[in-house]
Amino acid sequence: MCDNNEKIIIESNKLNLYYGDNHALKDISFRIPSNRITALIGPSGCGKSTFLKTLNRMNDLVPGVKIEGQVMYNGEDIYSKAVDVTRLRRQIGMVFQKANPFPMSIYDNIAYGPRTHGVRNRAKLDEIVERSLRDAAIWEEVKDRLNKSALGLSGGQQQRICIARALAVEPDVLLMDESTSALDPISTSKIEELAMDLKSRYTVIMVTHNMQQALRISDYTAFFLLGELVEYGDTQTMFSKPTDKRTEDYITGRFG
Amino acid sequence: MNRESASLTQGLSARRRAYDIGMRALLYASAIIICALLLFLIGYILVRGIPHLSWEFLSSEESVIKNIEGILPALINTLYVVIATLIIVLPLGVGSAIYLTEYATNKKLVAAIEFATETLAGMPSIIFALVGVIVFCEFAGLGTSLLAGAFSLVMMTLPTIIRTTQESLKTVPQSYREGSLALGAGKWHMVRTVVLPSSVDGIVTGCILAVGRIVGESAVLMFTAGMGMRLAKYGHGLGEFFKNLFDSSGATLTVALYNYAKERADFESAFAVAVVLLVIAFIINIAAKLAGRKLKKH
Ligand SMILES: Nc1ncnc2c1ncn2[C@@H]1O[C@H](COP(=O)(O)OP(=O)(O)OP(=O)(O)O)[C@@H](O)[C@H]1O
Ligand SMILES: [Mg+2]
């Protein structure tokens, strides 16, 4: 568990999720501290993406999904009836595992979120677009072709466009699902730097298959296995002295 | 190398090769027959129709006293029916399709509705004519009028519009929707800004092809919109437009063609109308192709 004097921003209590008969998340109780980077690791299919999507209720879109338990965000149950899902998603942004830029210009992609939330002023939009693209380490590459389609970019560039697009609405929490898995080492380290810079303003929760990355940038790490949260704690401690045998096997590469 | 390729061709038995050649010949033959048939049809219509076409024929109303032949009323009726049908069927059809693919959650009900629209789309148009007469002309009291015709055509084209719109909505990747919703967009905002723009080419193409069906329809209109060849009172302005829809009845181009050919045995005029219809069909097809290509910007 995380340090006791951390401010908790997201907390799940006995969270269970079923895709039809598939019990994908089992009794997940989890306290995520504010302004920290939390890494989710675990073998493929263990429920990392699924857990991430319960935090901004993107799982609502999956037909036949059943969710039990609680997810508290700033002390509010996000699954309660009164919650405005669009406001929740504005505050908890997400970058998907597969890059999904809209079939629009680069500019319109980034401006999409702000426009959705009512920003119309052109100068203001210009400023948001530039700042977001800079933050996502892609400004230099695209500044001369902002009006070209985002679909013409490479996979890694598209992923950074999606990161910029998520940053443009200035969320409090950023969920990143293996957002650097398609990137070259240079862009990856830029994104990692970004994540560390953003800590003062954002809470970052990232799924990664890269142990080095988790070790390099995260403050806390959670290890998932077969839908269970096996171990969760301070990253340094977890990588040096894992308490659970399964965690140790996974991070030393003995399975997964 | 040589030995290898030799062994590859030797593998084909003589029977297999004969079969291949036979099939290919059959394919070419059917392609040639179809093209020849099309060329003959078009050529024949043009040869017989064009001599009778004139500006006067297109722009005047027929008059026995002045000995003038003209299809202006039919042209105007066609325009009226097309516009009126589209005004009603587009919002209805596109709206239903959006509801069915983007909003409806009851999978069984959606499947049932999709099955129904599919069946309706394959119905012979004369059935819509019959229902149109009973429901719109008689029960709704519209009489034989352009409006009754338009409503009947709405019934006929609605399933097609719903289907083509649904098809193009379904081609929009789910990841676009997720991306939009994850940024905090509401459902309708997502549909309007992401889903519709990336499927508009398919929707427009579907609508243009529906116009083609409307222009080409005769049975439904004969029963519901009338067969008169004279110009009713046509005024200008939107108010007049709607008033005329109620008041007027008359033949559209296809029905006029029927009149010329069947009632009067005036084949010169019939072929001239056929040329006009051909040209319209040609324009509609080109428009559908262009719309499909132009609108797909990215
Ligand atoms: N939309 C869905 N419908 C049904 N089952 C799903 C769906 N998404 C995921 N699952 C199932 O839930 C389980 C967890 O999947 P999830 O995508 O969360 O894994 P993951 O840890 O993100 O894996 P990866 O590292 O490969 O991305 C898997 O068994 C998967 O088959
Ligand atoms: Mg995943």
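This structure is a prediction, so every number in the text was calculated from the model and none was measured. Within any chain, residue numbers begin from 1 and follow the written order of that chain's sequence. As they are written, the chains are lettered A onward and the ligands numbered 1 onward, keeping that order. Side-chain atom pairs in this predicted model are given and counted only at pLDDT of 80 or more, local residue features only at pLDDT of at least 70, and totals for whole chains, interfaces and linings cover all residues. Side-chain measures were taken over the full set of non-hydrogen atoms in the model, leaving aside hydrogen atoms and water.

## Topic: the overall build of chain B
No. 1: Scanning chain B from N- to C-terminus turns up 13 helices and two strands.
No. 2: The quantity called the radius of gyration is restricted to C-alpha atoms. Its globule counterpart is 2.2 Å times the number of residues to the power 0.38. Taken over the C-alpha trace, chain B has a radius of gyration of 25 Å; the compact-globule value for 298 residues is 19 Å, which it surpasses by more than 25%.
No. 3: Projecting the C-alpha coordinates of chain B onto the three principal axes gives extents of approximately 85 × 60 × 35 Å.
No. 4: Relative accessibility decides the category of a residue: with a 1.4 Å probe and only protein chains considered, values under 20% of the type maximum give buried, values over 50% give exposed, and everything between is partly exposed. With 298 residues in all, chain B has 40% of them scored as buried.
No. 5: Pairs of residues are marked as contacts when any of their non-hydrogen atoms sit within 4.5 Å. When contacts within chain B are restricted to residue pairs at least 6 apart in sequence, those whose partners lie at least 24 apart make up 76%.
No. 6: Throughout, the Shrake-Rupley method with a 1.4 Å probe supplies accessible areas, and for residues the shown protein chains are the sole cover considered. Taken as a whole, chain B presents about 16,900 Å² of accessible surface, with 69% of it coming from carbon and sulfur. Helix and strand labels come from DSSP, where a helix needs a run of H or I of at least four residues and a strand needs a run of E of at least two; each type is numbered from the N terminus.

## Some words on the packing of aromatic side chains
No. 1: Classification of ring pairs uses Phe, Tyr and Trp, with its six-membered ring standing for Trp, and accepts pairs whose centres are within 6.5 Å; under 30 degrees between planes counts as stacked, over 60 as edge-to-face, and the remaining range as tilted. Within the structure shown, the criterion is met by 11 aromatic pairs over all chains.
No. 2: Seen from their ring centres, Phe40(B) and Tyr44(B) are 5.8 Å apart, and the 25° between their planes marks the pair as stacked. With Phe40(B) and Tyr44(B) both in helix H2 (residues 14–49), this residue pair falls four residues apart, about one helical turn.
No. 3: The exposure class assigned to Phe40(B) is exposed, which follows from its relative accessible area of 54%.
No. 4: Chaining the aromatic ring pairs together yields one cluster made of Phe30(A), Phe51(A), Tyr220(A), Phe224(A) and Tyr232(A).
No. 5: Consider the ring centre and the ring normal. A charge sits over the ring if Lys NZ or Arg CZ is within 6 Å of that centre and within 35 degrees of that normal. The ring of Tyr18(A) carries Lys66(A) above its face, with NZ or CZ at 4.7 Å from the centroid.

## As for the domain arrangement of chain B
All names here are of chain B.
No. 1: Residue ranges assigned to each domain were obtained from an automatic or database domain assignment. Its domain assignment divides chain B into domain 1 (3–52) and domain 2 (55–297).
No. 2: On a C-alpha basis, the centres of domain 1 and domain 2 stand 36 Å from each other.
No. 3: Counting residues at the interface gives eight residues for domain 1, matched by 10 residues for domain 2.
No. 4: Two parts placed together each lose some accessible area; with a 1.4 Å probe, that loss summed over both constitutes the buried area. Carbon and sulfur atoms make up 75% of the surface buried where domain 1 meets domain 2, a total of about 790 Å² over both sides.
No. 5: Contact with domain 2 buries area across many residues of domain 1, yet Ile45, Arg48 and His52 alone supply 72% of it, more than any other trio.
No. 6: Throughout this description, the term salt bridge denotes a Lys or Arg side-chain nitrogen within 4 Å of a carboxyl oxygen of Asp or Glu. Linking domain 1 with domain 2 are one salt bridge, by the criterion used here.
No. 7: Close ionic contact of Arg48 with Glu268 constitutes a salt bridge, the shortest N to O distance being 3.8 Å.
No. 8: We define a polar contact as two N or O atoms separated by no more than 3.5 Å, with the added condition that, inside protein, one atom must be a possible hydrogen donor and the other a possible acceptor, whereas residues neighbouring each other in sequence contribute only through side-chain atom pairs. For the pair domain 1 and domain 2, the interface holds two residue pairs in polar contact (both at pLDDT 80 or more).
No. 9: When residues are sorted by character, Ala, Val, Leu, Ile, Met, Phe, Trp, Tyr, Cys and Pro go into the nonpolar class, Asp, Glu, Lys and Arg into the charged class, and all the rest, Gly among them, into the polar class. By residue class, the composition of the side of domain 1 that touches domain 2 is five nonpolar, two polar and one charged.

## Side note on the coordination of the magnesium ion (ligand 2)
No. 1: The magnesium ion (ligand 2) binds to the protein through Ser49(A) (OG) and Gln97(A) (OE1); the donor distances cover 1.9 to 2.5 Å. Placement of Ser49(A) in helix H1 (residues 48–55) and of Gln97(A) in the loop between strand S6 (92–95) and helix H3 (106–116) is noted, with a sequence separation of 48 residues between them. Donor atoms (N, O, S) are those found within 2.8 Å of the metal centre, with the cutoff raised to 3.2 Å for Na, K and Ca; water is not part of the atom list, so apparent gaps in a site can occur.

## Concerning empty space enclosed by the protein
No. 1: Using only the protein atoms, space was sampled on a 1 Å grid; points where a 1.4 Å probe fits but cannot get out form cavities, open sets with protein on both sides within 12 Å along at least five of seven lines form pockets, and lining residues are those with an atom within 4 Å of a point. Grid points are joined across faces, edges and corners, and a volume is the space filled by probe spheres set on the points. Within this structure, the stated rule accounts for two cavities of 30 Å³ or more.
No. 2: Of the volumes computed, that of the largest cavity is approximately 50 Å³.
No. 3: As for the largest cavity, its lining consists of Met94(A), Val95(A), Phe96(A), Asn100(A), Cys162(A), Arg165(A), Ala166(A), Gly179(B), Ala182(B) and Leu183(B).
No. 4: Only S6 and helix H6 (155–167) of chain A together with helix H8 (174–182) of chain B provide two or more residues apiece to the lining of the largest cavity.
No. 5: Broken down by element, the residue count for the lining of the largest cavity peaks at three residues, all from H6(A).
No. 6: Taken together, the residues of the lining of the largest cavity break down into seven nonpolar, two polar and one charged.
No. 7: If you add up the space inside the second largest cavity, you get close to 40 Å³.

## What to know about the layout of surface pockets
No. 1: Size it by volume and the largest pocket reaches roughly 680 Å³.
No. 2: Of all elements in the fold, only helix H2 (85–91) of chain A together with helix H4 (72–103), helix H5 (107–121), helix H7 (146–170), H8 and helix H9 (187–216) of chain B reach the threshold of two or more residues within the lining of the largest pocket.
No. 3: Taken together, the residues that form the lining of the largest pocket break down as 12 nonpolar, four polar and nine charged.

## Things to note about the nonpolar core
Residue and element names in this part refer to chain A.
No. 1: One finds Ile10, Phe30, Leu40, Phe51, Ile205 and Phe224 to be the most contacted residues of the largest nonpolar core, which totals 106 residues.
No. 2: With sequence-adjacent residues up to four places away left out, Leu40 is seen in contact with Phe30, Lys48, Phe51, Leu52, Ile205, Met206, Val207, Thr208, Ala222 and Phe224.
No. 3: By convention a nonpolar core is built from buried Ala, Val, Leu, Ile, Met, Phe, Trp, Tyr and Cys residues, the set being connected through side-chain atoms within 4.5 Å. Within the second largest apolar cluster, 35 residues are counted, among which are Ile106, Ile138, Cys162 and Ala164.

## Some remarks on the environment of Leu158(B)
Residue and element names in this part refer to chain B.
No. 1: Within the fold, Leu158 resides in helix H7.
No. 2: It is 8.2 Å that separates the C-alpha atoms of Leu158 and Ala121, two residues lying 37 residues apart in sequence.
No. 3: Excluding anything up to four places from it in sequence, Leu158 contacts Val89, Leu92 and Gly93.

## Concerning the sheet that holds strand S5 (residues 76–77) of chain A
Residue and element names in this part refer to chain A.
No. 1: DSSP bridges decide pairing: two strands pair if at least two such bridges lie between them. Pairing in this open sheet of four strands is antiparallel, and the strands run S2-S1-S4-S5 from one edge to the other. Two strands lie at the open edges of the sheet, namely strand S2 (22–33) and S5, each paired on one side alone.
No. 2: Two strands pair when backbone bridges link them, and strand S1 (residues 8–19) and strand S4 (residues 65–73) are joined in this way by eight bridges, in the antiparallel orientation. Each residue of the ladder has a partner; that of Leu17, found in S4, is Ile67.

## A closer look at the interface of chain B and chain A
No. 1: If you look at the interface, chain B gives 17 residues, while chain A gives 24 residues.
No. 2: Of the roughly 1,700 Å² buried where chain B meets chain A, counting both sides, 68% is carbon and sulfur surface.
No. 3: At the boundary of chain B and chain A, one finds zero salt bridges.
No. 4: For the side of chain B that touches chain A, the secondary-structure elements that each account for two or more residues are H8 and H9 of chain B.
No. 5: With seven residues, H8(B) is the single largest residue contributor to the side of chain B that touches chain A.
No. 6: A per-class count over the side of chain B that touches chain A returns seven nonpolar, nine polar and one charged.

## Considering the site of ligand 1
All names here are of chain A.
No. 1: Around ligand 1 sit 14 residues, and of these Ser44, Gly45, Ser49, Thr50 and His209 come closest.
No. 2: Separating an oxygen atom of ligand 1 from a side-chain N or O atom of Lys48 is a distance of 2.8 Å.
No. 3: In the complex, the protein chains occlude 63% of the 640 Å² of accessible area that ligand 1 would expose alone.
No. 4: Breaking the shell around ligand 1 down by element, the ones donating at least two residues are S2 and H1.
No. 5: In terms of residues, the shell around ligand 1 owes the most to one element, H1, which gives three residues.
No. 6: Grouping the constituent residues of the shell around ligand 1 by class yields four nonpolar, eight polar and two charged. Throughout, the term near means that a residue has one or more heavy atoms lying within 4 Å of the molecule or strand in question.

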